[in-house]
Amino acid sequence: MGRGYLVEDAVERYLSDLCGQQAGPLTGLLIGQSSAQRDFVVMATRTPYKQESAVASGDFLDKEWVTEHARQVSRMLPGGLSVLGVFIITEIDSKDTLTTLRQLVFAVENLISSEHLWTPEDDDVTECVILHVNPKTRKTVCRTFDVKDPKSMAKPADWKYQSGVCSSWSMVSCCLNVDMLVPLPNNRTSTENMDVCVKEGLKAWADQIKSGFCLFDGKKLPEDTELTAGQKRNVRQKCSAQLLIKPGERRQTDVIQQCGGSLSVRGTIHSRAYLHSNKPKAKLAEKLLKRDVISTVSTRVQMLLEELLTSEEESKSSRDTQQTEQFCFPRRIFCPVKATGLVCVCDYQFSDEGLCEMTDRLKEMLDIDAVEEDLDTRQEMTAELRESNIKAEATVETAKVPEPKRNNFTGVAIATAAAVLAAAASMLYLNDV
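Every value quoted in this text rests on a predicted model; they were computed, and no experiment measured them. (Residues numbered from 1 in each chain as written. Predicted model: local features only at pLDDT ≥ 70, side-chain atom pairs only at ≥ 80, totals over all residues. Heavy atoms only, no water.)

**Some thoughts on the nonpolar core**
Within the largest apolar cluster, 87 residues are counted, with the highest numbers of intra-cluster contacts made by Val172, Phe216, Val301, Val345, Leu362, Leu366 and Ile368. Setting aside residues up to four positions removed in sequence, Phe216 forms contacts with Val172, Leu221, Leu227, Cys239, Ser240, Ala241, Ala282, Ala285 and Glu286. Val7, Phe87, Cys142 and Ala157 belong to the second largest nonpolar core, which has 20 residues in total. (Core = buried A, V, L, I, M, F, W, Y, C linked by side-chain atoms within 4.5 Å. Buried < 20%, exposed > 50% of the residue type's maximum accessible area, 1.4 Å probe, protein only. Contact = heavy atoms within 4.5 Å.)

Shown next, in the form of structure tokens:
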């Protein structure tokens, strides 16, 4: 018997609606959480339409378009949720689409995992799912592939719809103070080298997170301890956590090296993870929470750098080669997936964006019909820039940022002698949780 999938019945309704709307092959992503015994699918989202359709060129799906959509969606998922696989709605026989879907699910997993800053663990599930739906007969064919095995063959899987799949899931959350410094390359290196430097710096910080201690409600629990012991069963539970980071033998700030500037991330972020079991264990909660901490920080850094690199070509001619500019760090906003109860997805809002842009992006990326009142904006408030008189040196960070208080975020600061990037510290205040 193959792997089992428990699927929220709202996914069945969603796929059925798509069957009635589609005029040609339609693809999308399946989102949920894996476990050793089975996977839980809590939502599905179709691939956004593209003006220049791949169908017109003779291919019934655009692999690059689907994989990029998967990468963007992966950034919008909190701890415990991930892209489990892909679906396709088409009258083409499932046997004729199998090879293409196999290539697609491998490409999706490779792109998403390339952004991960953690090493896979032995208990991580490596099987991804493909679902074929015939829009006329509504027949579904479900198969899985081991994406870590290049020679993996399709295996049958059990696809079963059920109501309230995640109604009793638990949520663990924390606020974490972040303080990292990443050296940037000099002004003669390429932006690719700068991306490598940033990723290496983030990985060094991620290693500290992974080796940190996790306290649940102020206690260090053995790995197999149940978090919600003594609480009501089949009711969604919440648990607060603390991450205590052990400093390394040699801090990155103690290393002397030649560079063209530095990137500093300081402050406090909100993190959360969802656990599928009504008897959640401390080991799983700690792993998912730590991964969310790493993911949300690296995602925001990458988003900020991508935006700066996009505008760099236009503005570099007018920039001083030794300066510091100010930019706001994006804040995290949560939105409930209504069909699943209280499970949420998230998005990141820059200071020049309105909430309507968040709802538009949720519709485009996740096909969620959200209104501004649905958005949870309480966890992190809008960033505010503080005036400062900063002079950037060629090889050291000189941005003087106030020490972060318990509930504020000092954002991202980049001091650089190159015209590649330049940003000073910004303030992002975080409400008490």
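Structure's up, so let's keep going.
**So, a negative patch on the surface**
Taken together, the side chains of Glu307, Asp352, Glu357, Asp360 and Glu364 define an acidic patch exposed on the protein surface. Counting residues per element, the negative patch draws most heavily on helix α6 (residues 355-366), at three residues. Within the secondary structure, Asp360 sits in helix α6. (Patch = residues over 30% accessible without salt bridge, like charges linked within 9 Å, V, L, I, M, F, W, Y side chains within 5 Å. Areas by Shrake-Rupley, 256 points an atom, 1.4 Å probe, with all protein chains shown as cover. Salt bridge = Lys/Arg side-chain N within 4 Å of Asp/Glu carboxyl O. Lys, Arg positive; Asp, Glu negative; His and termini not counted. Charge placed at Lys NZ, Arg CZ, Asp CG, Glu CD. Helix = DSSP H or I, 4+ residues; strand = E, 2+ residues; numbered from the N terminus.)

**Considerations on the packing of helix α2 (residues 63-75) against helix α3 (residues 94-113)**
Where α2 contacts α3, the two axes come as close as 9 Å, and the packing angle between them is 40°. Regarding the angle of α2 to α3, the classification is oblique. As for how α2 packs across α3, the hand of that crossing is right-handed. Facing α2, whose interface residues are Lys63, Val66, Thr67, Glu68, Ala70, Arg71 and Ser74, α3 presents Thr100, Gln103, Leu104, Ala107, Val108, Leu111 and Ile112. Residue composition of the contact of α2 with α3, grouped by class: seven nonpolar, four polar and three charged. (Axes fitted to C-alpha atoms, helices over the stretch in contact; angles between N-to-C directions. Parallel < 35°, antiparallel > 145°, perpendicular 65-115°, else oblique. Left-handed = near helix turned anticlockwise from the far one by under 90°. Nonpolar A, V, L, I, M, F, W, Y, C, P; charged D, E, K, R; others polar.)

**Structural notes on the side chain of Thr67**
Along the chain, Thr67 turns up in helix α2. Excluding residues within four positions of it along the chain, Thr67 makes contact with Leu104, Ala107, Val108 and Leu111.

**So, the sheet that holds strand β4 (residues 82-89)**
Spatially, seven strands are ordered β1-β3-β2-β4-β5-β6-β7 in a closed barrel, and the strand pairing comes out mixed. The mean angle between the axes of side-by-side strands here comes to 35°, regardless of whether they run parallel or antiparallel. Bridge analysis of strand β1 (residues 3-8) against strand β7 (residues 155-162) gives six bridges, and the strand direction is parallel. By the bridge assignment, Leu6 is partnered in β7 with Lys160. In the packing of α6 onto the sheet, the strands contacted are β2 (26-34) and β3 (38-46), and the crossing angle to β3 comes to about 115°. (Pairing = 2+ DSSP bridges.)

**Here we look at the pattern of salt bridges**
Following the criterion strictly, the structure yields 26 salt bridges and no others. For Arg332, the salt bridge is made with Asp292, and the minimal N-O distance between the two is 2.9 Å. Placement of Arg332 in strand β12 (residues 331-336) and of Asp292 in helix α5 (residues 282-315) is noted, with a sequence separation of 40 residues between them. You'll find Arg332 and Asp292 in the same group, each marked buried. For Lys338, the salt bridge goes to Asp374, with nearest N and O atoms at 3.1 Å. With Lys338 in the loop between β12 and β13 (344-349) and Asp374 in the loop between α6 and β14 (380-384), this pair connects stretches of sequence that are 36 residues apart. Assessed through its relative accessible area of 56%, Lys338 is described here as exposed. Because the salt bridges share partners, they merge into one network encompassing Glu68, Arg71, Arg75, Glu115 and Glu306.

**Some words on α6**
Relative to the 16 Å expected for 12 residues at 1.5 Å per residue, α6 spans 16 Å between its end C-alpha atoms, a close match to the ideal helical length. The set of residues buried in α6 consists of Met358, Thr359, Leu362, Met365 and Leu366. Across the axial projection of α6, the buried residues extend over an arc of 145°, all falling on one side. Close packing links the buried residues of α6 with β2, β3, α2, β12 and β13. Two residues or fewer past α6, Asp367 is found with a positive phi of approximately 55°. (Expected span 1.5 Å × (residues − 1). Arc of directions from axis to C-beta.)

**Some details on the confidence of the model for the protein chain**
Of the residues in the protein chain, 76% have a pLDDT of 70 or more, and the chain-wide mean is 80. Confidence over residues 317-322 falls short of pLDDT 50; this stretch has 13 contacts with residues more than four positions distant or in other chains. Confidence over residues 412-433 falls short of pLDDT 50; this stretch has 127 contacts with residues more than four positions distant or in other chains. (pLDDT = per-residue confidence, 0-100.)

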